[in-house]
Structure formats: C-alpha cells, structure tokens
Protein chains: 2
Amino acid sequence: MDVLVKDLYTESRDGLTSPITISGWVRTIRNSKKIAFIEVNDGSYIKNVQVIAKRDQLDNFEDVIKLPISSTVKITGQLVETPDAPQPFELHADEVIIDGVSDPDYPLQKKAHSLEYLRTIAHLRPRTNTFYAVFKIRSLAAFAIHEYLQHHDFVYVNTPIITSSDAEGAGEMFRVTTLDPDQPEQDDKGKTDFSQDFFGQETNLTVSGQLQVEPFALAFRNVYTFGPTFRAEDSHTKRHAAEFWMIEPEMAFAGLPETIDEIQGLLQYVVQYLLDHAQADLQFLNDHVDEHLLDRLQQTVAEPFARITYTEAIECLEQADADFKFPVKWGIDLKAEHEQYLAEQVFHKPVFVTDYPRDIKAFYMRDNADEKTVAAVDLLVPRIGELVGGSQREEREDVLLDKLHEFNLQESDYDWYLELRKYGGTKHAGFGIGFERLLMYVTGMDNIRDVIPYPRVQGSINF
Amino acid sequence: MDVLVKDLYTESRDGLTSPITISGWVRTIRNSKKIAFIEVNDGSYIKNVQVIAKRDQLDNFEDVIKLPISSTVKITGQLVETPDAPQPFELHADEVIIDGVSDPDYPLQKKAHSLEYLRTIAHLRPRTNTFYAVFKIRSLAAFAIHEYLQHHDFVYVNTPIITSSDAEGAGEMFRVTTLDPDQPEQDDKGKTDFSQDFFGQETNLTVSGQLQVEPFALAFRNVYTFGPTFRAEDSHTKRHAAEFWMIEPEMAFAGLPETIDEIQGLLQYVVQYLLDHAQADLQFLNDHVDEHLLDRLQQTVAEPFARITYTEAIECLEQADADFKFPVKWGIDLKAEHEQYLAEQVFHKPVFVTDYPRDIKAFYMRDNADEKTVAAVDLLVPRIGELVGGSQREEREDVLLDKLHEFNLQESDYDWYLELRKYGGTKHAGFGIGFERLLMYVTGMDNIRDVIPYPRVQGSINF
C-alpha cells in the first residue's frame, strides 16, 4: 500500500521499514547520464519527495527521464535520511512504474504564472504550490470552524438556499426558476405568472441564513449556519464575489458582550488551528505571497482584539492624518478605506467597532437606549477591513414591528419572524463571517477569486 | 453565568456548587396551592430540568404559575440529587426571574401534533422533542462526516452552486437569472439573450459537485464536497426534495475496492459517533418514532456490509418470492422496491451492489473488461434503498471521448474534464451520499421533509 508523503515529513517516518511505495505526480526531472533526480508530489502534502533513480538499477530509465511533467508514477525504493541536505530524506528507487504519461504541452511548466492566467485554468491551478496551500488552508479553516462551534455546543443548521424571502430587505438577488425563458406562463395582465413556477411563487437564492436560523437558536440555544450565499451585485472589486460562503452563529440568552467573546474565540481558534496544522502551507505563502502573514497570524492569537465604539471610531478618523476619498462624519457607513485605516494604522490588529447608527444598519438590530444607535458590532482586520458583522437582535415585538414599518418592509413577509418574539422570545444575538474574507486574511491572498475553487463573478462563469 | 442543562445530565454535575442558575423555556407547569413543578428546557439537551418552586419561598409565585408554555425564565436554586425519582436531580428554586411571557395561544401545547401540521410551523417545530432530536442528529452527523474525512486526509472543497454545466447530462435543473422576468433582453430572433444575463450565459443550480471536484482529487489525492444540490423534478415521493445536501468524496490512485472500504468506514464512523454523542436523542426516537432504530444502528457498526454484484442481485430478485410492481430482468435500473427487498428481506443489513450495466449508468463510469458493465457501486440499506452511489471514473481519454459521443453529450462542454485525462490522469474513484437519506436511516423518520430544517418541494416554499 502507498505511503503518504505527508507522513514522511513527520515523526512517523521513523517507524517505516524500507522498501516503501509512493504514488504521485512528477513535478520536475533533472538527470545526467547515470542518475536522475525526480521530484514527486502525491497530493497529501505541499512538499515533494526527492527520488533518486539510477540507470543501472532501472530497466526503464530511458522512459522515466523522458516523462513529461505531471505524469503519474508508482515508485518503490529505499528511504534514506539526508541530514545534511535541504530535504530531510530521499527515496532511492528500486522500481519506477509509469502509471500515466502526461501530454507534453501541460500548461503548468516550471516557470511562474500570473494569478490572472491561473484563474483561466481553475481545474489545474490547485496543482501549483500557491493554490495547493490556499485550498488546503480553506479546508482546514472550514473544519476548525465546525470543530470550535461543535465543541462549544453550537448546533449546525442548514438553512435553505432557495428562498421566498429577502433576508435584510437589501442586496440584489438571483431569481430561481423553471419557467420557459422564451415563453413563460403569463397571467391576465401579460405579466409572468409565478404561480406556474416550480414553487408556485417567485423564488430567489438566499443572501443570508440569519432570519431562518434564529428560530433554531430559540430551540437549541446556540446554533450556526455554514453554507453558500449569493449577491447579484454589479461590483467588480477584489473583495466581492457573486457566490460565497458564510458562517452565521446565533445565540439565545446572549447579547453583544457574548457575541464579541465568541467572535474572538472562534477566530483565534481557527488561526491557532492553522498554525498547528498548516505550517508548511503557511510558510510557503509567507515566503512567496505575503511576508507579513505569519507575524499577523501569530499576533492574532497572542492578544485580545481592540474594542471601540463607532462614535469613538469617527472621532479617531476625523483627527486622522489621512486623505480619505469619502469624507468622515457621524452617521456615515464606514468605507473600506476607513476600516483599513482603523485596523492597520491605529490599532495594528483586529478591532471591534460597536454601537453603529441605527439608520445605516438592518431593521432587526436592537435599538440602544440612546435611540440613535443599535447594539451592533463589526470586526475590522488589517488588509481586509470588515471581516465579521454581528448584533443583538430586536426581541421586543412592538419595537420590531415599528422598525419594519420604518424600514418600509412588508409586515406580512415577516409574520413567522415576528412570532419568534410572541412565543418564547428572549434576548438573542449573532454574527456573520464572510468565509472568503477570512481566507484572504489567513492566506495573504489579495483577490477573493483566488480563495474560491471556481469563482463566480459578474460576466464570468467557467467550469 | 448560566449552567447548561446538558452538563447537568453528565458527571460534571458532581462538580457544581449550589446555587446554580439556568435560563430556558417553560415546557409544563403543574401546581398545587403551595408548590409548583416546572419543566424547563434550555435548548442544550433534549431532556428538561424539573424545577420545584414553593409559594413560601417566591415573591412572584402567583405570576410564575400563570406563565404560558414557552415563556422564558431564569432560575437560581439548589441542585438536589433524587436517586429514587425518574429524574436524577431537581432544582429547588430560590428565585425565578420572568424573562419573557409567551402568548397563551402558543401552537405547541402539550398534546401531540401530526408531522404534517408541524411542517407548516417549521419555525417552531425544532422545539418539539422529535424535531429537536432529528436536527441535533443532523448537526452531529454532519460534523462526524467532516471529522472522519479530515482525519483520513480528505481535503474539503466547495464546488460551485451556480454552474454553466449539467454534471451528468441528466436531472432537471433550476435556472438562475437576473433577467427581467417580464421583459428579458432578446436577440435578433426574439429568443432570450442570455449574453445579457448576469454571467453572460445561461446558468443553473448544480445537481452534483462531482465533475468539479475531480480536478482537486488530481491535486490533493483525497478530497470531498459537502454542500447543497438541486433537482427540479416533478416527483412527490417521501424520498425526494428539490434542495438537499450531498457528500461527494473523490480519491486519486483508487478504484472500486478502496471506494467500498471508504463508504463503509465513513458510514460506520458516523453511526458510532451518533451512538456515542446522541444517546438521549436516539433513545427518544427509538421510543417514539421507530422501535427498531437502535437495533439497526448497533448492527450497522457491528459487522461488515454485504457485497454482491448486480448480476447476482438480479438472479436473487428473479428467484424472490415477492410480488414486484416493476418486473426484474438483467439490464433494468433497480427500483426502490427491489433495493429495499435486497437490503431488508435478503441481507437484513446494508448491501453493496457492484458492476451495474453500463447503459443505465453515467458516462463517466469506468467500463469493465466485459464491455457490458461498469465499475459502479450502490449501497442499499433497509428502509431507504439506495443511500450511496459510487464508481471508478473512466480515466482513459479515448474511451471517455467515445462514451461522451455514445451518450449524446457535447464534447465542447467537457473540454476541461477531458484535460484531466490528458494531464496527470490516473485511476480515480469516488462516491456520493445523499445526506438526507442518511438522516432518514439514522433517525427513523419516514419523510425527507422531516429531516430538512425548511424543506423545498414542488409547489411549496415557506420561510
């Protein structure tokens, strides 16, 4: 049975008896007349195995040295410790079985490729070291999130993807339909007759699972979603995609302080998990993508995040020696430039900003006693800006009803949501993390398209 | 700080010093003149705490005993062991703070409700014991799946939800669009102009992540998806929903035997995890929903699953003393009645059926040497029928190309998929598990709508 290269780079190498067998892809071959050095990657680890193949030991030496990059081989040989070499060990091949010969026009030859080009070959880019590291980290971060929340008694809830409601009364949505695009059923007035559509009414892709997960918090106390969400927005920034994943924890019998504690606890857990389980991947990214990455992650787990109110943040920005594109005054929604300034220039670390003006936040956030602000919190982090948004929810039925009207939302669209206040309502709070924003923070990648396996943005869909 | 009821039902109760405080929902109140028995559930556990409240100790005794069901309370009191009572302990209240008074017309009064009725109040049904157990198990099962796969070096990949391709050339799809439903942009011929749609072409909701995850198996060796998938099918059975979650592991350097081993390993791990972590929930379902549940789960982990070929299965069905609605002969696709007969009547446990006729299976499955069958496997389980489907994938580029043509699929739609065979192709295999089918198996629930938080089926979408 194959040994995994991942295990060769750990202590479990000591327990192995040669010969061992590995299967993998040829990354490079250098050879002289008598000897060849073959770098093989088996997918289990970012690092390769250096294989030494000798002409006088292999019948098929000539075939082996001609193998195009990315060909697959099965190699049996002796594991040799090399304490003085850059690699800690080598594999001296007794046998090289050629499993699959790749086409020589393989696009990923040794030279470096631009991230833009690699996006066009999303089916091959995870074979590069950079994307190997990014998508390995994506997987480990997702698991760390589940592990933290499960071990803290949060129940995972799969809220629906197709929805008849618009979670926040904001955000452009994708319509989901089975009507004939050319000849949709129509009503008496010549309008599309959605009663003939698959679900008997107009439906969209979800922009957030929050409203649908709140009922579960009132049954299980602590719950969370972790799934895809969608925005059909006409934005072409490096931080926006049409399809992205969100984590949305929700807690009953909890307010803003508990929310802040959970955000910090969860993020520090994820970062520590990556420092423990993705060392080689993070080191590669630190060496080749973002030289401050490891420092930033070490600092993230080393100390508590900063905390200020929105009002303090505005004062701080008004006094800032910075040339903002968007002018600052109390009441504005903070822009990326403001958020980054606070995290990068003022605090040099993640900072919680609390108690935003009620008029710029969603209707479901709980009004503070000052009647000007709501019990909301955003977490701003260096390089990214807003990473997390949370709030205590308005649990007072009469106040919530007033806010629905004030925000011009239809009461009838929220009847079940209002019932949560009528039956067993209590203080509750929650937050949402943009998973890809988190991945940009923990990988150093600069564009959201480079942390998504197959990114979906306006005007572009492949694979 | 609140103590969680979940912890009261474990050994950690011994470490607590009274008084303790809990917050939760009132499930029932019985009272005499001087004393009240209040069952409180705090969401962390399926079982309640019995609270003893005495008139002479509480100023607000009159208010407390009038509380409608589902009101929220915060109770501080003395924890008293009751070794001779049905409950192992009680909480003798020193103080009952009324947190929220529920409306008295709360729909979930003490009497039992039909599952059909409860579906209409999906925002409240997780507060019933049955749905509490089901959705707690859903969460634990999801985590167990991640844990098993991560610990077996599988990398989690989020394949796209919005797609321009149809994974299997089969299955009705939902269209995703931002075009105006009443006045979509049209081309010269009066047809809908999809170049004006959000992504510049027609797009759909995914029916499977398999094709898009295969490239990642050829980079990471072992990978998996776990996300929502969609079928716009006109079927109203108890086993079909329009939106459901699938787990799709994919392995490089692996064939059908490894696939079978992983399916069994994963499912046994999940079931054992539930037996270990959801005892009280499973016991409730065994007592109230399916009296064979615990026996079935114990047997699932106790012994290997059965294994037969499709050809053997057909012989077995032809000889069966059963009155099938659909006649049996070699070449048919097995129907639910056949699958259930094999699992329930013949093997009395899960059974792998391998090597199906090539003509009834997907184009990407690897042709066997007999040229009649493919290296496919389905796992059939009692009560459900097909739970898992897997196969070795056709890695030979020329054979795959021939099959694309034979199955009337457009070569141009699969150019990148074909390139996986051209560059670094190797033996690989994978499988898909319908998460909700698995949940029906491990909960005893009979209808897929009762294992999904907010089910989506044709003609029905709420919340």
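Placed above this text is the structure.
Overview of the structure. (Residues numbered from 1 in each chain as written. Chains lettered and ligands numbered in written order. Predicted model: local features only at pLDDT ≥ 70, side-chain atom pairs only at ≥ 80, totals over all residues. Heavy atoms only, no water.)

**Here's the deal with the nonpolar core**
Put simply, the test is: As used in this record, nonpolar core signifies buried Ala, Val, Leu, Ile, Met, Phe, Trp, Tyr and Cys residues forming a set joined through side-chain atoms within 4.5 Å. Exposed residues in this analysis have more than 50% of their type's maximum accessible area, buried residues have under 20%, and partly exposed residues fall in between, with area computed by a 1.4 Å probe over protein chains only. The contact definition used throughout considers only heavy atoms, calling two residues in contact when any of these lie within 4.5 Å.
Counting residues in hydrophobic clusters, the biggest one holds 290 residues, and the most contacted among them are F435(A) and F435(B). If we skip the residues at most four places from it in the chain, F435(A) touches R138(A), A141(A), A142(A), I145(A), F226(A), W245(A), M246(A), I247(A) and N158(B). Judged by nonpolar contacts, the second largest core, of 22 residues, contains I161(A), A232(A), A242(A) and A232(B).

**Some details on the pairing of strand 13 (residues 351-354) of chain B**
Residue and element names in this part refer to chain B. This is how the line gets drawn: Helix and strand labels come from DSSP, where a helix needs a run of H or I of at least four residues and a strand needs a run of E of at least two; each type is numbered from the N terminus. Note on pairing: two strands pair once DSSP finds at least 2 bridges between them.
Here strand 13 shows a buried face lined by V351 and V353 and a second buried face lined by F352 and T354. Two elements, strand 12 (residues 306-309) and strand 13, share four bridges in a ladder whose sense is parallel. The residue of strand 13 that forms the bridge with R307 is F352. Of the pairings in the sheet, the one linking strand 13 to strand 14 (residues 376-381) comprises four bridges and is antiparallel in character. Residue V351 lies in a different strand from strand 14, and its bridge partner there is L380.

**A word on the sheet that holds strand 1 (residues 20-31) of chain A**
Residue and element names in this part refer to chain A. Rules: Helix axes use the C-alpha atoms of the stretch in contact, all axes being lines fitted to C-alpha atoms, and the angles between their N-to-C directions lie in the range 0 to 180 degrees.
Here five strands make up a closed barrel; going around it, the order is 1-2-3-5-4 and the pairing mixed. Going across the sheet, the axis of each strand differs from the next one's by a mean of 55°, ignoring polarity. Alignment of strand 1 against strand 2 (residues 35-41), held across six bridges, turns out to be antiparallel. Within strand 2, the position partnered with N31 by the bridge is A36.

**Observations regarding the interface of chain A and chain B**
The accessible area lost on association of the parts is a frequent measure of interface size. Applied cut-off: Buried area counts how much accessible surface, traced with a 1.4 Å probe, disappears from two parts once they are put together, with both parts' losses summed. Think of a salt bridge as a Lys or Arg side-chain nitrogen and an Asp or Glu carboxyl oxygen that are within 4 Å of each other. What qualifies as a polar contact is a pair of N or O atoms within 3.5 Å, subject to a donor-acceptor requirement within protein and to the restriction that residues adjacent in sequence count only when both atoms come from side chains.
Every contact between the two is made by 106 residues of chain A and, on the other side, 106 residues of chain B. Counting the surface chain A buries against chain B, the share from its top three residues, F198(A), Y423(A) and I461(A), is 8%. Measuring nitrogen to oxygen at the nearest pair gives 2.7 Å for the salt bridge that ties D2(A) to R221(B). Inspection of the region where chain A meets chain B yields 52 residue pairs in polar contact (both at pLDDT 80 or more). By residue number, the principal contributor to the side of chain A that touches chain B is helix 4 (residues 129-151) of chain A, which donates 13 residues.

**Some points on the relation of the copies chain A and chain B**
For clarity, the cut-off: Here the copies are superposed with least squares, the fitted atoms being C-alpha atoms of residues at a pLDDT of at least 70 in both.
For the pair chain A and chain B, the relating rotation is 180°, the translation along its axis is 0.0 Å, and the fit reaches an RMSD of 0.0 Å. Considering both components of the superposition, the chain copies are consistent with a two-fold axis. By C-alpha distance to the rotation axis, the residue of chain A lying nearest is V176(A), at 2.4 Å. The residues that chain A uses at the interface reappear at the interface of chain B in 100% of cases, marking a shared surface.

**Topic: the packing of aromatic side chains**
Test applied: In this analysis, rings of Phe, Tyr and Trp, with Trp reduced to its six-membered ring, are considered paired at centre separations within 6.5 Å, and the interplanar angle assigns stacked below 30 degrees, edge-to-face beyond 60, and tilted for intermediate values. Note on criteria: charge over ring means Lys NZ or Arg CZ within 6 Å of the ring centre, with the direction from the centre no more than 35 degrees off the ring normal.
This model, assessed by the stated rule, comprises 57 aromatic pairs over all chains. Relative to F216(B), the ring of F135(A) has its centre 5.4 Å away and its plane inclined at 75°; by these criteria the two rings are edge-to-face. One end of the pair, F135(A), is in helix 4; the other, F216(B), is in helix 5 (residues 210-220), on a second chain. This pair shows no difference in class: F135(A) is buried, exactly as F216(B) is. With 6.1 Å between their ring centres and 80° between their planes, F226(A) and W245(A) make a pair best called edge-to-face. Taken together, the positions of F226(A) in strand 10 (residues 222-230) and W245(A) in strand 11 (residues 243-252) put the pair 19 residues apart, joining distant regions of the chain. You can call F226(A) buried: its relative accessible area is 2%. Aromatic rings pair up to connect F131(A), Y132(A), F135(A), Y454(A), F463(A), F216(B), F220(B), F363(B), Y364(B), Y414(B), W416(B) and Y417(B) into one cluster. Cation over ring: K335(A) sits above F326(A), and NZ or CZ is 4.7 Å from the ring centre.

**Side note on the side chain of D42(B)**
You can see D42(B) is positioned in the loop between strand 2 (35-41) and strand 3 (49-54). In this structure the side chain of D42(B) is engaged in a polar contact, spanning 2.7 Å, whose partner is the side chain of S44(B). Leaving out residues up to four positions away in the same chain, D42(B) has contacts with R221(A), V3(B), L4(B), V5(B), S23(B), G24(B) and W25(B).

**A look at the pattern of salt bridges**
Residue and element names in this part refer to chain A. All told, the structure shown has 54 salt bridges over all chains when counted by the stated rule. For K238, the salt bridge identified is with D446, shortest N-O distance 2.8 Å. A residue pair is termed long-range when its members are at least 10 positions apart, and K238 in the loop between strand 10 and strand 11 and D446 in the segment after helix 13 (435-443) qualify at 208 residues. Accessibility expressed as a relative area gives 46% for K238, which makes it partly exposed. The network of salt bridges with common partners includes K238, D290, R296, R383 and D446.

**Side note on the packing of helix 5 (residues 210-220) of chain A against helix 4 (residues 129-151) of chain B**
Selection criterion: Angle categories: roughly parallel below 35 degrees, roughly antiparallel above 145, roughly perpendicular from 65 to 115, and oblique for all the rest. A crossing counts as left-handed when the near helix is turned anticlockwise from the far one by less than a right angle, and as right-handed when that turn is clockwise. Amino acids outside the nonpolar list (Ala, Val, Leu, Ile, Met, Phe, Trp, Tyr, Cys, Pro) and the charged list (Asp, Glu, Lys, Arg) are all regarded as polar, and Gly is one of them.
One can describe the packing of helix 5 of chain A onto helix 4 of chain B by two numbers: an axis separation of 11 Å at closest approach and a directional angle of 110°. Our classification of the angle between helix 5 of chain A and helix 4 of chain B gives roughly perpendicular. When the axes of helix 5 of chain A and helix 4 of chain B are compared, the crossing they make is left-handed. Mapping the contact onto sequence places F216(A), A219(A) and F220(A) in helix 5 of chain A and F131(B), Y132(B), F135(B) and K136(B) in helix 4 of chain B. In terms of residue class, the contact of helix 5 of chain A with helix 4 of chain B is built from six nonpolar, no polar and one charged.

**Re the environment of V442(B)**
Residues and elements named next belong to chain B. Position of V442 relative to the elements: it lies in helix 13 (residues 435-443). C-alpha of V442 to C-alpha of G200: the two residues are 242 residues apart in sequence and 43 Å apart in space. The contact partners of V442, leaving out residues within four places of it in the chain, are I137, V271, L274, L282, L293 and L297.

**What to know about unusual backbone geometry**
In the segment running from S18(A) into P19(A), the intervening peptide bond is cis, with an omega of 0°. Positive phi outside glycine occurs at N408(B), with the angle close to 55°. Relative to the elements of secondary structure, N408(B) occurs in the loop between helix 11 (397-406) and helix 12 (415-422). Owing to a relative accessible area of 71%, N408(B) belongs among the exposed residues under this scheme.

**Overview of the environment of F174(A)**
Residue and element names in this part refer to chain A. Its location among the elements puts F174 in the loop between strand 7 (162-163) and strand 8 (175-177). Since its relative accessible area comes to 1%, F174 is described here as buried. For the pair F174 and Y224, spaced 50 residues apart in sequence, the C-alpha separation works out to 24 Å.

Structural measurements only, silent on function.
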